[in-house]
Structure formats: C-alpha cells, structure tokens
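# Working through the structure, step by step
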Amino acid sequence: MIQPTPHIEALPAMTPFLGPETLARAAGVPPESLIRLGANESAFGASPLVTQALERELPRIPYYGDPELHDLREALATKHGCSPDEIFVASGIDDVLSLCLRAYLGEGGLALAAAGTYPTFFYQLAGLGGRCETTDYAGTRPDIEQLADLAQLRKPAIVYLANPDNPGGGLHSRAALTAWIAAIPPETLILLDEAYAEFMTVDELLPLQIHSGLVPNLVRMRTFSKVYGLAGMRVGYAIASTAVTATVEKIRQHYGVTRLSAVAALAALRDEEFVRRVVRETASGREAYHSLAHEIGLGSYPSSTNFVLFECGTVALASRLLPALLKRGIFIRKPGSGALASCIRVTVGTPQERELFASNLTAVLASLAFEST
Ligand SMILES: *Cc1c(COP(=O)(O)O)cnc(C)c1O
C-alpha cells in the first residue's frame, strides 16, 4: 500500500488561497472577464521593454535557460549594491519561502509569525511538517515586540515578518525594524518579506547595508509580481548572506525560473521610469479609495502597498460583500480572522476598474441595507 508521509496525510486538503479563476467559475462568471482586485496584482501592466524582450527571446524557448541566472543576478546586485553571490532567484517569493524553510527549518522545527499574515508562509510550513507559534497584530501590522519576545524565549529556527504587511498594509519604521532584527536570536533565520518594497519611500526602506555579512541570519525577499507587473511570470529573489545563498543553491530548481521569466525580469529592471509611474498611479489610486470609503461611510486604513483595507465595521458585513461583488464580476478578498476580519482588502485598480468597484460596492451596500430594514 502506498502511504504519504504522515504529516502530509494529516493535512486537510487545502491551498493557501482559492484562485480567482476557481471563485469565478463557481459564481458563474467567465474568469477572463473578472475585475481582479483581490490578489494585489498590478493593474498597470508591465513595461513595454518586457514585451519586446519576450518577443526577441521566443525563438530560444527550445533551450533551457541559464541555470545560474547570471545576467539577472548581476543586474540585481548592481541595483542593490551587493555581490551576485548574495542573491538567489526563484519562482516568486512563494518559492523563496519554501526553499528557506526546507534548508533551515529542520525535522519538526519551530517557526514564528503573526497570526493572519501572508497565508502562503503557513502553507509552506505545514507542508514540511513544521511547528508554528503565532503572535498578534497591533493595528494594521504585526506586533514586532511580541514577535521578538517570543523569539528570544523559544529560539525558533525561523521567524517570518512581512513589512509592509499583507493583509494589514501597515509598515514599521526603519529604526523599529533595525532594532527588531537585532533582537532576534542569531540562531534564528529571519525571513523578511518585502514584496511591496518599491512602494515605500527611501526613508522607510531598511538600508541596503542591513544584509549579508552584517546580519548573516537575515533574508530579504523581493518579487517581480507587484510593482513590475509580472505575477504570471513567477520571479522573486532573496538578498542574503553568501552562506544562506550557497545553501539554498544546493536545493534550488535550476530551471524553475524559465528562460522567458528571467528575460522579462531583466527587462523590467531596466525601465525605472515605468516603475516610478506605477508607484505614482498606485498612490493616487489609494487616495481615491480613501475618499470613496469616506463618501460611503466605511473606514479605511493607511497603506504602504498597492491595496487598501476598507473597514466595514462587522465581520458579517465584510463577509457578505465578497460573494455579492463576485456575482457582479468583481474579485476582492478579506483578512480571514483576527482584528482585521471586519475589513475587505481591495487592490488599487486602473481608474476605470476603481469606478466599477465604487459603483458596484455602493449598489451592494444599498441592497444589503434595504434587506435589513
Ligand atoms: C504578493 C505577495 C507575495 C507574492 O510573491 P510571489 O513572488 O508572487 O510568490 C509574497 N509576499 C507577500 C507579503 C505578498 O503580498
């Protein structure tokens, strides 16, 4: 009889998220016509340099890509002022998380994170049979003092923190984060998820010197899925000490980032003006969402990302908005549990998508109010 590994057999059938395509099919909406404001993908597309580079590369797809991803790592090293040996590239941050956990968690090892933060971390951890202890949120960001206290007490193999946080959208200051990193035991690997780094100001972002030799247990994770608009290409990377990158290289899938994905990422890096434009448009979209919330009597929280949390007041109302909007062809998500569960999380869309979201949300709220009278 074939038998799965016991910890995998014990897992419920699950995915970190039900995909928007799955949700659309279940709601009877054609997936390709869905307005996607639920996965924090970029509404602003990718740089035209990416399209050109992909077209040039297409004839070469019969060949495997460069297993060392040399050119991309060189370009990233130049951007970050580090050595290419301090960078490894994988199929998104999701893959970076999995690789670091596989390399450092150990059999039944312990990891810490804030309950309710980015679900894929918990998903990858569960798949490896890891143990998990969680801490709370303070407002729209994880309570990092609590996280540091617990790390000192339990000396876990791994601690995970997203800054800015998803789904909270809030961030910790550079000074607070620097102190937090220093408070984590040296035997704990720090997975710092900076998926939204490009939306932060230079003053908010942790200095680039805070990596590699100075803090050998810190892994800073970045992605091409957000500001660069390449979520479908699956490229993410880590900036870490050479000890960590050399370790991960022993188990990384050397062709996991495809030839086309690597070329797309490299081209995206070259278009800095495009990135600045997306950051500007995203900021004005966030402002539009804050005004909308104010107009229709919902709250909203400051965000340093490409999404905004709307405060609906009750978990019941927030939960009813998701299926009601989905039926109207609009996909959003909400934090599953905890203090933010009364919120909906809405990605900044194009002006036209924001308009559609606003009119449909207004209509749904009106019909729910009518029902309850
Ligand atoms: C979107 C997001 C990611 C996704 O990363 P990929 O590179 O697409 O795997 C990772 N972490 C956080 C916090 C995110 O919001």
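Quick note: structure is the one above.
My aim in this report is to walk through the structure given alongside it, one point at a time. Since the model is a prediction, treat every value here as computed from it, not as a measurement.

## Section: the state of the cysteines
With the rule as written, the count across this model stands at 0 disulfides. Here cysteine 132 stays free of any disulfide, with the sulfur of cysteine 100 as its closest cysteine sulfur at 16 Å.

## Notes on the sheet that holds strand 11 (residues 299-300)
Read from one edge to the other, the open sheet built from 3 strands follows the order 11-12-14, with strand pairing classed as antiparallel. The open sheet has two edge strands with one neighbour each: strand 11 and strand 14 (343-347).

## Quick notes on the packing of helix 5 (residues 92-104) against helix 6 (residues 119-127)
Geometry of a packed helix pair, given as the angle between the helix axes and the separation of the axes. Where helix 5 meets helix 6, the closest approach of the two axes is 10 Å, and the angle between their N-to-C directions is 35°. Considering how the two elements wind past one another, helix 5 and helix 6 form a crossing that is right-handed. Facing helix 5, whose interface residues are Asp94, Leu97, Ser98 and Leu101, helix 6 presents Thr120, Phe121, Gln124 and Leu125. Its residues assigned to classes, the contact of helix 5 with helix 6 shows 4 nonpolar, 3 polar and 1 charged.

## Focus: the site of the ligand
Looking at the ligand, there are 13 residues lining it, with Asp193, Tyr196, Thr223, Ser225 and Lys226 nearest. Between the ligand and serine 225 there is a distance of 2.7 Å, counted from an oxygen atom to a side-chain nitrogen or oxygen. Measuring from an oxygen atom of the ligand, one finds a side-chain N or O atom of arginine 234 at 2.8 Å. Relative to its free-state accessible area of 390 Å², the ligand is covered by the protein chains to the extent of 94%. In the shell around the ligand, the residues fall into 5 nonpolar, 4 polar and 4 charged.

## Considering the environment of alanine 75
Looking at where alanine 75 falls in the secondary structure, it is placed in helix 4 (residues 70-80). Taking the C-alpha atoms as reference points, alanine 75 and valine 29, 46 residues apart in sequence, are found 41 Å from one another. When neighbours within four sequence positions are excluded, alanine 75 is seen to be in contact with Leu266 and Leu269.

## Considerations on the packing of aromatic side chains
One pass over the structure, following the stated rule, counts 10 aromatic pairs. Between phenylalanine 121 and tyrosine 160 the ring centres are 4.6 Å apart and the planes differ by 10°, which places this aromatic pair in the stacked class. Note that phenylalanine 121 is positioned in helix 6 and tyrosine 160 in strand 7 (residues 158-162), a separation of 39 residues in sequence. Taken individually, phenylalanine 121 and tyrosine 160 each receive the classification buried, so the pair is uniform in this respect.

## So, helix 5
Compared with the 18 Å implied by 1.5 Å per residue over 13 residues, the 19 Å span of helix 5 between its first and last C-alpha is a close match. Gly92, Ile93, Val96, Leu97, Ser98, Leu99, Cys100 and Leu101 are the residues of helix 5 that are buried.

## With respect to the sheet that holds strand 4 (residues 131-135)
Pairing within the open sheet is mixed, and its 7 strands lie in the order 2-10-9-8-7-3-4. In this open sheet, the two strands that pair with only one neighbour each are strand 2 (87-90) and strand 4. Here the strands of the sheet are splayed against their neighbours by 20° on average, with no regard to which way each runs. Strand direction decides the pairing type here: strand 9 (residues 218-223) and strand 10 (residues 236-239), joined by 4 bridges, are antiparallel. Residue pairing in the sheet places arginine 222 in a bridge with tyrosine 237 of strand 10. With respect to the sheet, helix 7 (residues 144-154) is in contact with strand 3 (110-114), strand 4 and strand 7, its orientation differing from that of strand 4 by roughly 140°.

## Considering helix 10 (residues 259-270)
Between its first and last C-alpha atoms helix 10 spans 17 Å; for 12 residues at 1.5 Å apiece the expected length is 16 Å, and the two agree. Across the 12 residues of helix 10, 10 count as buried, placing the element largely inside the fold. Within helix 10, the full set of buried residues consists of Arg259, Ser261, Ala262, Val263, Ala264, Ala265, Leu266, Ala267, Ala268 and Leu269.

## Section: the side chain of glutamate 311
Inspection of the secondary structure assignment puts glutamate 311 in strand 12 (residues 307-311). Buried within the structure, glutamate 311 lacks any salt-bridge partner; its nearest side chain of opposite charge belongs to lysine 334, at an N-O separation of 9.4 Å. A polar side-chain atom of glutamate 311 sits 2.7 Å from a polar atom in the side chain of serine 342. The residues touching glutamate 311, leaving out its near neighbours within four places in the chain, are Leu298, Gly299, Ser300, Tyr301, Ser342 and Cys343.

## Quick word on the nonpolar core
Phe121, Leu191, Phe224, Phe310 and Phe357 are the most contacted members of the largest nonpolar core, which has 83 residues in total. Looking at this core element by element, the count peaks at 8 residues for helix 10. Look past the residues within four positions of phenylalanine 121 in its chain and what remains in contact with it is Leu97, Leu101, Ala111, Leu112, Ala113, Ile158, Tyr160 and Leu191. Formed by 18 residues, the second largest nonpolar core is a distinct cluster that contains Leu150, Ile184, Leu206 and Val215.

## A closer look at the packing of helix 12 (residues 315-327) against helix 13 (residues 351-371)
Where helix 12 contacts helix 13, the axes come no closer than 10 Å and their chain directions differ by 120°. As far as their axial angle goes, helix 13 and helix 12 are oblique. Crossing handedness for the pair helix 12 and helix 13: right-handed. Contacts from Leu317, Arg320, Leu321, Ala324 and Leu325 in helix 12 reach Phe357, Asn360, Leu361, Val364, Leu365, Leu368 and Glu371 in helix 13. Tallied by class, residues from the contact of helix 12 with helix 13 come to 9 nonpolar, 1 polar and 2 charged.

Here is what the cut-offs are and how they apply
Residues numbered from 1 in each chain as written. Predicted model: local features only at pLDDT ≥ 70, side-chain atom pairs only at ≥ 80, totals over all residues. Heavy atoms only, no water. Disulfide = S-S within 2.5 Å. Pairing = 2+ DSSP bridges. Helix = DSSP H or I, 4+ residues; strand = E, 2+ residues; numbered from the N terminus. Axes fitted to C-alpha atoms, helices over the stretch in contact; angles between N-to-C directions. Left-handed = near helix turned anticlockwise from the far one by under 90°. Contact = heavy atoms within 4.5 Å. Nonpolar A, V, L, I, M, F, W, Y, C, P; charged D, E, K, R; others polar. Near = heavy atom within 4 Å. Polar contact = N/O pair within 3.5 Å; in protein donor to acceptor, adjacent residues only side chain to side chain. Areas by Shrake-Rupley, 256 points an atom, 1.4 Å probe, with all protein chains shown as cover. Phe/Tyr/Trp six-rings, centres within 6.5 Å; stacked < 30°, edge-to-face > 60°. Buried < 20%, exposed > 50% of the residue type's maximum accessible area, 1.4 Å probe, protein only. Expected span 1.5 Å × (residues − 1). Lys, Arg positive; Asp, Glu negative; His and termini not counted. Salt bridge = Lys/Arg side-chain N within 4 Å of Asp/Glu carboxyl O. Core = buried A, V, L, I, M, F, W, Y, C linked by side-chain atoms within 4.5 Å. Parallel < 35°, antiparallel > 145°, perpendicular 65-115°, else oblique.

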